[in-house]
Amino acid sequence: MSRLRFRIAMSLDGFVAGPEQSVANPIGIGGMRLHEWVFPLRAWRAMQGMDGGEVNESNRMVEESLANIGATIMGRNMFGGHPGPWNAKSPWNGWWGDNPPYHHPVFVLTHHARKPLELKGGTTFTFVTDGIEAALERAKRAAGGKDVSLAGGAKAAQQYLVASLVDEMEIHLAPTLLGSGERLFDGVGDDLHGLEHVRTIAAPDVTHLKFARR
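Residues numbered from 1 in each chain as written. Predicted model: local features only at pLDDT ≥ 70, side-chain atom pairs only at ≥ 80, totals over all residues. Heavy atoms only, no water.

Engineer: With reference to specific residues and values, describe the overall build of the protein chain.
Structural biologist: Within the protein chain, the secondary structure is distributed over 5 helices and 11 strands. With respect to the three principal axes, the spread of C-alpha positions in the protein chain is 45 × 40 × 35 Å. A burial count over the protein chain gives 45% of its 214 residues as buried. Residue pairs at least 24 apart in sequence account for 63% of intrachain contacts in the protein chain once pairs closer than 6 positions are excluded. Both charge centroids of the protein chain, one from 22 positive and one from 23 negative side chains, sit 6 Å from each other. (Helix = DSSP H or I, 4+ residues; strand = E, 2+ residues; numbered from the N terminus. Buried < 20%, exposed > 50% of the residue type's maximum accessible area, 1.4 Å probe, protein only. Contact = heavy atoms within 4.5 Å. Lys, Arg positive; Asp, Glu negative; His and termini not counted. Charge placed at Lys NZ, Arg CZ, Asp CG, Glu CD.)

Engineer: Let's hear about the environment of Phe107: which residues, and what values?
Structural biologist: Locating Phe107 in the fold gives a position in strand E4 (residues 105-109). Non-local contacts of Phe107, meaning those with residues more than four positions away in its chain, are made with Ala71, Thr72, Ile73, Met74, Thr126, Val128, Arg138, Ala139 and Ala142.

Engineer: Report on the sheet that holds strand E1 (residues 4-11), specifying residues and quantitative values.
Structural biologist: The sheet built from 9 strands is open, its strands ordered E5-E6-E4-E3-E7-E1-E8-E11-E10 with mixed pairing. Each edge of the open sheet carries a strand with a single partner, namely strand E5 (117-118) and strand E10 (195-203). When E10 meets strand E11 (residues 206-213), the two strands line up antiparallel, connected through 8 bridges. When the bridges of E11 are listed, Glu196 appears paired with Ala212. The strands touched by helix H5 (residues 154-162) within the sheet are E1, strand E3 (69-75), E4, strand E7 (147-152), strand E8 (168-174) and E10, with E7 carrying the most contacts at an inclination of about 130°. (Pairing = 2+ DSSP bridges. Axes fitted to C-alpha atoms, helices over the stretch in contact; angles between N-to-C directions.)

Engineer: Account for H5, naming residues and giving values.
Structural biologist: Residues of H5 that are buried include every one of Ala154, Ala156, Ala157, Gln158, Tyr160 and Leu161, and no others. Following H5 by one or two positions, Ser164 adopts a phi angle in the positive range, close to 60°.

Engineer: So what about the pattern of salt bridges? Which residues, and what values?
Structural biologist: Counted by the stated rule, this structure contains 14 salt bridges. Between Glu64 and Arg199 there is a salt bridge, and its shortest N-O distance comes to 2.9 Å. One end of the pair, Glu64, is in helix H2 (residues 57-66); the other, Arg199, is in strand E10, with 135 residues separating them in the sequence. Ionic pairing is found between Lys155 and Glu182, a salt bridge with its closest N-O pair at 3.0 Å. Taken together, the residues Lys155 in helix H5 and Glu182 in strand E9 (residues 182-183) connect sequence positions 27 residues apart. Overall, Glu182 belongs to the buried group, its relative accessible area being 13%. A cluster of three or more residues bridged by salt bridges with shared partners is formed by Arg3, Arg5, Glu64, Asp147, Glu168, Glu170, Arg199 and Lys210. (Salt bridge = Lys/Arg side-chain N within 4 Å of Asp/Glu carboxyl O.)

In structure tokens, the structure reads:
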């Protein structure tokens, strides 16, 4: 059965993006510090078309997170661009250029309708305006029996967590403080909505916390 798997990097004080997010600074001031652990890894470098890289426990976590994924869901803010209706004259096509790293269908949660955006490498962005459950149903159908990745950002993750639709959650806890920005668990309440802690792996620059549905 297809599962919804969520993974995200988070600071010690609970932020998954820094303050003042913008087109020029998509994950906010200081937000890049959340991801410094992943850049040297072989798995990440391979996604960028580069050779070499470190092979360690973190590399294994990244490889595991990429395995058996047939579709991705993300929020409008993660897809990026500007708030409000899409600019018809100069439409925003994502942060990733003509050949995004997904190579499978991606479903973007938004309040503003838009035709699907087909790019190189097998990535097509479909814009879903009728809610998180409709997006998940379409993503599972597109995944063809494989799992669906919930890529974020925080607001999209909060909606799926509160609805108890997340089957697996992996938090990559970076040893840094952002002070302000976008918190992952705002509005989620004081429980994990059916998820329980199943694994902790401590690496030199990050701690991986895995949760799964009971």
